[in-house]
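Structural description and commentary
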Amino acid sequence: MSQSLSKVYVHLTFSTKGHYPFIDHNIQERLWQYLGGICKGLECNPIQIGGYKDHVHILCLLSKKINQMKLVEEVKKQSSKWIKTIDKNYVKFYWQDGYGIFLSIHHN
């Protein structure tokens, strides 16, 4: 077989530091879009993104060019930097250190 095929769906979830409710109505939709853009930039096709005031959930197709740790690192780093530029209310924004990442079974 001369081709490579990889279809690994992952469910990534992580919270704001101390579960502080930073993700308010002012940034929620923009944050979901921004997280999707980061995933696309990493060639990890986003399927669904959402969450609540203190955490996010990302379901995406993991690129065969990136490992799980790099995906988590880049999503959290890039989004944290971006949020801090939105408004002075978010300058103390941080994600928690930990995360959960799970293999997702997808049926067509």
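Quick look at the structure, then. Bear in mind the structure is a predicted one, so any value in this text is a computation, not a measurement.

Next up on the list: helix H1 (residues 28-41). Owing to its 3.6 residues per turn, the α-helix brings residues three or four apart onto one side. In this model, H1 (14 residues) spans 20 Å end to end at C-alpha, consistent with the 20 Å of a helix rising 1.5 Å per residue. Of all the positions in H1, only Leu-31, Trp-32, Leu-35, Gly-36, Ile-38 and Cys-39 are classed as buried. Here the buried residues of H1 occupy an arc of 160° about the axis, which is enough to place them on one side. For H1, exposure combined with an orientation more than 90 degrees from the buried face picks out Gln-33, Lys-40 and Gly-41. In this structure, the buried side of H1 is in contact with strand E2 (46-52), strand E3 (55-62) and helix H2 (68-86). Looking at the residues trailing H1, positive phi occurs at Glu-43, about 60°.

Helix length check: H2, at 19 residues, gives a terminal C-alpha distance of 28 Å against a target of 27 Å (1.5 Å per residue), a fit within 8%. For H2, the set of buried residues is Leu-71, Val-72, Glu-74, Val-75, Lys-76, Ser-79, Ser-80, Trp-82 and Ile-83. In this structure Asn-67 caps H2, since a side-chain oxygen of it lies 3.1 Å from the backbone nitrogen of Met-69.

A sheet is described by the order of its strands in space; here four strands give the open sequence E2-E3-E1-E4, paired in antiparallel fashion. Among the strands making up the open sheet, the edge pair consists of E2 and strand E4 (100-104). Sheet twist, expressed as the average angle between the axes of neighbouring strands with direction ignored, equals 15°. Alignment of strand E1 (residues 8-15) against E3, held across eight bridges, turns out to be antiparallel. Directly across from Leu-12, in E3, lies its bridge partner Ile-58.

Analysis parameters
- Residues numbered from 1 in each chain as written.
- Predicted model: local features only at pLDDT ≥ 70, side-chain atom pairs only at ≥ 80, totals over all residues.
- Heavy atoms only, no water.
- Helix = DSSP H or I, 4+ residues; strand = E, 2+ residues; numbered from the N terminus.
- Expected span 1.5 Å × (residues − 1).
- Buried < 20%, exposed > 50% of the residue type's maximum accessible area, 1.4 Å probe, protein only.
- Arc of directions from axis to C-beta.
- Contact = heavy atoms within 4.5 Å.
- Polar contact = N/O pair within 3.5 Å; in protein donor to acceptor, adjacent residues only side chain to side chain.
- Pairing = 2+ DSSP bridges.
- Axes fitted to C-alpha atoms, helices over the stretch in contact; angles between N-to-C directions.

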